[in-house]
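Chain and residue survey
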Amino acid sequence: MTGTPEQRPFFGPILAFPVTFWLLLTFAAPFAVLTLLSLHEYPDPFGPVLQAPSTAQFTAIFGDEFLVRVIIETLLLGAGVTALTVVLGYPLALWLVRLPLKWRPLAFAVILIPLLTNVVVRSLGIVLLLAPDGLINQALGLVGIPPFRQMLYTHGAVALALAQVFMPFMVLALYDVLQGTSPRVHEAAESLGASRIVRVFLVDLPLSLPGLRAGIIIVFLMASTAYVSATLLGGKKVWTTGMLVWQEALQNLNAPMAAALSLVMTVASTLFALAVIWITRHLTPWRSASPSGFRRLPGWIICLLDLFGPTIGKLLLMCSLLLLLLPLVLVVIQSFNDVPQATVAGFRAFTLKWYERVLFGGAYAASFWISVQLAAATAVVAISLALPAAFALARHRFPGLTGLSAFWTLPLSLPHVAIGVGMLKLLQVFTAIPSFLGMLAVHVVLVLPFSITLLQASVEQLDKAQEDAAASLGASAPWRFFLIVMPGLAPGLLAASIMSFLISFGEVTVTSFLTTARMTTLPVRIYAEASFSLEPTVHAVSAILIVGTVILLMMLNQLVRLDRLYAR
Amino acid sequence: MTITRRQTGRLLLGAGLAAPLHFTRTAHAQPKAGDELVVGIWGGAQERIVREHVEKALLAKYPGVKISYVLGGTPERRARAYAERGRPSFDLIYLNIFESRQAVKDGVTQAPTDAVPQFANLYDVAKLGGYGVAFNPVTIVYDKRKASKPVTSWQDLWNPEWRGRIAWPSYPGAQGTAGLLMAAKIFGGSENAIDIGFRKIRELKPFAAIQGSQDQLYGMFDQGVADISVEFGSFTRSYAESRNPNIEIANPVEGQAIAMNVACITVGTRNQKLAEEWVNLHLSAPCMLAYAQQIYYSPTVKNLSIPAELQPKLVLGPDVAQLVDFDWDVVIRNQPAWTSRFNREIAG
C-alpha cells in the first residue's frame, strides 16, 4: 500500500482483480442466464436458454398497471425502511461507541439478535406487537387510548419488520466510522461552543457519511428485494416485487417473467445506489480535498435541538433497543414451551425437549456444523477478496472503477430467488463440483457486496498520517500494512466478518435450490420444516445461537480491540 | 403454465420417453449394498415419520443401501425436478395433487404402476399422477364462539356475520385453489367457468387478512385477527386440540375439496426398484397409521384397519367418495391467468 495512484497506476486494477475474477467465475453465468431468460417470449421450462430475443416480458411489465404499481411501491417501501433504519440505527450506533469497552460484546450481541433469530420468529414478535390485542394496544389501553385495530398487514408493519432485521447492518456500518472520529475533533467542537447534540449533527454526522452511505445502500437493496417478511406481515395486502418474482418463478414456472421483473428492479435499485454514492461524494468535498462550504445552522434550530434533541435521542434509542430485544424475549420463552407449533402465542408448559432435539437429534446437529463450516469459509474467502477491492475503491481509483463496483453490488440488488432461477439452468455444472465448494462459491457471491461496502468505509476512515509517520521511520510497505493498517482496520474487519458469517449462516433462498442430500444447511432444514409446520426447535436453535454469539464476542474482545487505537 | 404448440411436441416426446418403462420394468436390477435413494420431502413431522416407518423397514430388507433426504418446500423441489428432467438427482419426490399430475404429463415423473403391490389397494383418485400417499382435504375452519350456528355449507362463508372476519387463503396453493374452485362450484360455475368464483369472493371483501400458510392462519386465530378461513382440516385439528379448542373443522354438505400428498418416482431414476419398494412401504399400515395418528392425514389405501377413536377425525371410505375433485388439467393451465386475476382483484 504505497505510493499515490499517480505513482502506481496499475495498483488499482490489481487490487480490483480478485473480486472481479471470482464474480465472473461464479456470478456472471447465472446472471447471463437470467438476462437471456428475460428475453424469452413465453415460458418454456424445458426449452433452450438461447432463443430469439424478444421484449415481450418487458412490454408486459410496463403495460401492466398492477406490476408498475408494485414496482413503485416496493421502491418506496425500500426507501421507507432505509429512513426508518437510519432514524433508529443512528442513536444506537452512537450509544454503542460511547459504551465502555467491556460492555461492547454484549451490546454487539443485542444488535445482532434479529440476525440470529429465524424470520418466522421475528415476524411473530412484530405480530404480537401490532395485533389488535397486542403489546402496543395494551400499553395504549393503560393510558386510556382506544386500540388501533388496523396496524397489521400494512406497509407500516412490513417496514417495521424489515427495519428490525436490517438495523444491524446500518449500526455496524456506522459503528466503525463513528468510533474512528478522534476525541480531539469532539474537543475542538466543544471548545467552539457546540453542545453534544449540535456536535452530533455538525461533526459526527458529516464525518460518518461514508458509513451512512454503506448502510443506506445495503439496507435499501436488501429491503427492495425482501419477500418473506413482506409475505408474513403484509398478509398479501402488501405486494413487493420479490413476492411476484417468487410466485412467477416457482408457482407458475414462468422464469422469463420472473427474470424480467428482477432485472427491472435491479436497474432501478442500482440507479438508487449510484445516486447515493454521488450525493455523499458531493456532501463530503473534503475527501477529494475540495473546499467545503461553510455551514451554519440557524439559531432557532440549535435551540430546538438543545431543547428536544437529547430526549428524542433517548426515546429513539429505547425504541430501537426494545425492537431488538423483542425477539429475544420470545425466543427465551418459546424455546421452553411445550406446544406443537413455533408460532404459539401463549405459554403452556415447561419442556427441554426442543433443546434435546436440536443438540442430540442428530439431524439438527449435523446441519448446524455444515452451516458453521460453510459460513466460516465464506467469511474468510469473502474478506480476503473484499479487502483489496475496498483499498481500490478508497485509495486507488481508476477509470471504470465505478462501473466495476456497480457490478460488485449486483448480487445484492437481485432478488435471491432470481439468482436461484439462474442457477437452476446451470445445475448440471453445479452438481459436477463438490457440493461444499459449489455452495461456498455461491455464498461468497452473496456476501461480497456487504463486505466490500463495509470495508470501503473502514479503509476511507484510516488515518493516513500514521502510515506516513511509520514510513518516515523507515517501515517498509508490508510492515506498515501489518503493523499500522491491519490494527486500524480491526474493528472494520471484525464487523465485516461477523456480517459475512451471519449472512452465509442464515442464507436459505438460493441454498434451498442448490441443497443436496449431503449438504442440508441449518436454515434449509428449518425452512423445510416451516414448509409443513414450524416446531419450537427453531426457538431453541435461536437461543443457542444468541448465547454462542455472546460467548464468542467476549472471547474475541480479549484478543482483538473493538475500537481504533487512537480513539481513547 | 400455458401449453403452446411447441411445448405439446415436447410433452409428447416426454411421454414417449416414459412409455417404455412399462415394458422394461422387470429388467430393473435388484437393489444392492451401496445404492443410494434420494428422496425429496417436506421437513418436520413428515421427515420424522418416513425415517421411522419407511427407511428402517427398507434398510432391513436391503441392508447396506443408503437413504438421503433433500428437504424443502414443494415449489423448490418441483422447480429443481423440472430443471433436471431426464437426468434427475432425485429418485423420488413428494408433490401435491395438481403438481404431480402435471409432472407426469411433462415427463418429469412417472405414472403409477402395479409394480408397487399396494397400488392395487389405492383409491382410484389416488392412482393419478403418482401414488397418492395421504388425503389432506381442504375445508372451512372457524371459531365456533363467533358463529351463530355451526358451519355446514360452503355457502356459510357468505353469511354476513363473517363480514370483515375472513382470512381468505392466498392463490395459488392448495388452500387458495380449493377456495376458488369451491366458490365457483357452489354458485353454479366450475373450473371451466371460474368467473363467478372470482366475483363471489370479491363480494366477501374486505378481508381481515389473506393467509399464506396454516402456521400464519393459526397465528391469526391466536391473535384474534380473523375468525374463519379455508384450510387443511387435518393439521387444524392438531392445532385445535393442542392450542385452541374454540376452532371447529366444518364438514360442508357439498363435500371437502380434495388435496393429496403424492409420491412421484422420477423419470430416469437409476433406483427404480428401490423407489418402488419405498413407495410400497409408505403405503403400508405402519406408515399410514403414523401419519393418521400424528398429523391426521387420511390413508389413501382401502385395506387398513383404523382404531375406532381415530376414525371420526379422518376421511375414510364413503367420505373419500364425497371429496370434491376437479379437472386439474384445466386448473393448471389457467393457473398463471388466475394468479394474475387473484393478485389484482382479491388480494390487492
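Residues numbered from 1 in each chain as written. Chains lettered and ligands numbered in written order. Predicted model: local features only at pLDDT ≥ 70, side-chain atom pairs only at ≥ 80, totals over all residues.

**Regarding the overall build of chain A**
When its secondary structure is counted, chain A shows 26 helices and 0 strands. What you see for chain A is a C-alpha radius of gyration of 24 Å, in line with the 24 Å of a compact globule of 568 residues. Its C-alpha atoms put chain A at 65 × 65 × 50 Å along the principal axes. Here chain A holds 568 residues, and 51% of them are scored as buried. Look at the contacts in chain A between residues 6 or more apart in sequence, and 82% of them connect residues 24 or more apart. (Helix = DSSP H or I, 4+ residues; strand = E, 2+ residues; numbered from the N terminus. Rg over C-alpha atoms; globule rule 2.2 N^0.38 Å. Buried ≥ 20, exposed ≤ 12 C-beta atoms within 10 Å, placed from the backbone. Contact = placed C-beta atoms within 7 Å.)

**Remarks on the sheet that holds strand β3 (residues 92-96) of chain B**
Pairing between sheet strands relies on hydrogen bonds along the backbone, with the strands arranged either parallel or antiparallel. All names here are of chain B. Ordered in space as β2-β1-β3-β10-β4, the 5 strands form an open sheet in which the pairing is mixed. With one partner strand each, in any of the chains shown, β2 (66-71) and β4 (131-135) form the two edges of the open sheet. Between one strand axis and the next, the sheet turns through 25° on average, direction left out of account. Relative to β3, strand β1 (residues 36-41) runs parallel, the two sharing 2 bridges. Across the sheet, residue Val 39 finds its bridge partner in β3, namely Leu 92. Strands in contact with helix α4 (residues 74-83) are β1 and β3; relative to β3, the strand with the most contacts, it is inclined by about 125°. (Pairing = 2+ DSSP bridges. Axes fitted to C-alpha atoms, helices over the stretch in contact; angles between N-to-C directions.)

**Some points on the sheet that holds strand β9 (residues 247-249) of chain B**
Residues and elements named next belong to chain B. One open sheet holds the 5 strands; their spatial order is β7-β6-β8-β5-β9, and the pairing between them is mixed. Strands with a single pairing partner mark the edges of an open sheet, and in this sheet they are β7 (209-211) and β9. When the angles between neighbouring strand axes are averaged without regard to direction, this sheet yields 35°. Across 3 bridges, strand β5 (residues 138-143) lies against β9 in antiparallel orientation. Bridge pairing in β9 links Asp 143 to Ile 247.

**Considering the nonpolar core**
Membership of the largest hydrophobic core comes to 285 residues, with the highest contact counts inside it found for Phe 166, Ala 386 and Ala 389 of chain A. In terms of residue count, helix α8 (residues 155-179) of chain A provides more of this core than any other element does, 19 residues in total. Three or more residues apiece are contributed to this core by two domains, here domain 1 (5-135 + 260-316) and domain 2 (138-257 + 328-347) of chain B. Setting aside anything within four residues of it in sequence, one finds Ala 389 of chain A in contact with Leu 15, Ala 16, Val 19, Trp 408 and Ile 452 of chain A. (Core = buried A, V, L, I, M, F, W, Y, C linked by C-beta atoms within 7 Å. Domains from an automatic or database assignment.)

**Overview of the pairing of strand β8 (residues 228-232) of chain B**
Each regular strand shows side chains that alternate between the opposite faces of the sheet. All names here are of chain B. Most of β8 sits inside the fold, with 5 of its 5 residues counted as buried. Across 5 bridges, β5 lies against β8 in antiparallel orientation. By the bridge assignment, Val 138 is partnered in β8 with Phe 232. Relative to β8, strand β6 (residues 166-169) is paired through 2 bridges, and the arrangement is parallel. Looking across to β8, one finds that Ala 167 is bridged to Ser 229.

**Thoughts on the domain arrangement of chain B**
Residues and elements named next belong to chain B. According to the domain assignment, chain B consists of domain 1 (5-135 + 260-316) and domain 2 (138-257 + 328-347). A C-alpha centroid distance of 29 Å is found between domain 1 and domain 2. Contact with domain 1, which involves 9 residues of that partner, is made by 8 residues of domain 2. For the side of domain 1 that touches domain 2, the element with the most residues is helix α5 (residues 97-105), which contributes 4 residues. Of the residues in the side of domain 1 that touches domain 2, the class split is 5 nonpolar, 2 polar and 2 charged. (Nonpolar A, V, L, I, M, F, W, Y, C, P; charged D, E, K, R; others polar.)

**Quick notes on the interface of chain B and chain A**
Between chain B and chain A, the contact holds 52 residues from the first and 52 residues from the second. Only α1 (5-18), α3 (45-61), β2, α4, β7, α8 (214-222), α9 (233-242) and α13 (328-347) of chain B provide two or more residues apiece to the side of chain B that touches chain A. Each residue belonging to the side of chain B that touches chain A can be placed in one class, and the counts come to 20 nonpolar, 22 polar and 10 charged.

**Thoughts on the packing of helix α15 (residues 299-334) of chain A against helix α26 (residues 537-559) of chain A**
All names here are of chain A. Across the interface, α15 lies against α26 with an axial gap of 8 Å and an inter-helix angle of 120°. Viewed along their axes, α15 and α26 adopt a mutual orientation that is oblique. In this structure, α15 crosses over α26, and the sense of that crossing is left-handed. Packed against α15, whose contacting residues are Leu 328, Val 331, Val 332 and Gln 334, the element α26 presents His 539, Ser 542, Ala 543 and Ile 546 at the interface. Taken together, the residues of the contact of α15 with α26 break down into 5 nonpolar, 3 polar and no charged. (Parallel < 35°, antiparallel > 145°, perpendicular 65-115°, else oblique. Left-handed = near helix turned anticlockwise from the far one by under 90°.)

**Section: the environment of Arg 296 of chain A**
Tracing the chain through its elements places Arg 296 of chain A in the loop between α14 (255-283) and α15. Put simply, Arg 296 of chain A and Leu 202 of chain A are 94 residues apart on the chain and 8.7 Å apart in space, counted from C-alpha to C-alpha.

**Overview of helix α5 (residues 104-116) of chain A**
Residues and elements named next belong to chain A. The first and last C-alpha atoms of α5 sit 17 Å apart over 13 residues, in line with the 18 Å expected at 1.5 Å per residue. Across the 13 residues of α5, 11 count as buried, placing the element largely inside the fold. Along α5, the positions that sit buried rather than exposed are Arg 104, Pro 105, Phe 108, Ala 109, Val 110, Ile 111, Leu 112, Ile 113, Pro 114, Leu 115 and Leu 116. Where α5 is buried, its residues contact α4 (65-98), α6 (119-130), α8, α15, α23 (477-506) and α26. (Expected span 1.5 Å × (residues − 1).)

**Quick word on the packing of helix α2 (residues 28-38) of chain A against helix α19 (residues 416-424) of chain A**
A pair of packed helices is captured by two measures, namely the crossing angle of their axes and the spacing between those axes. All names here are of chain A. At their nearest, the axes of α2 and α19 sit 8 Å apart, and the two run at 95° to each other. Our classification of the angle between α2 and α19 gives roughly perpendicular. Facing α2, whose interface residues are Pro 30, Phe 31, Val 33 and Leu 34, α19 presents Ala 418, Ile 419, Val 421, Gly 422 and Met 423. Residues of the contact of α2 with α19, tallied by class, amount to 8 nonpolar, 1 polar and no charged.

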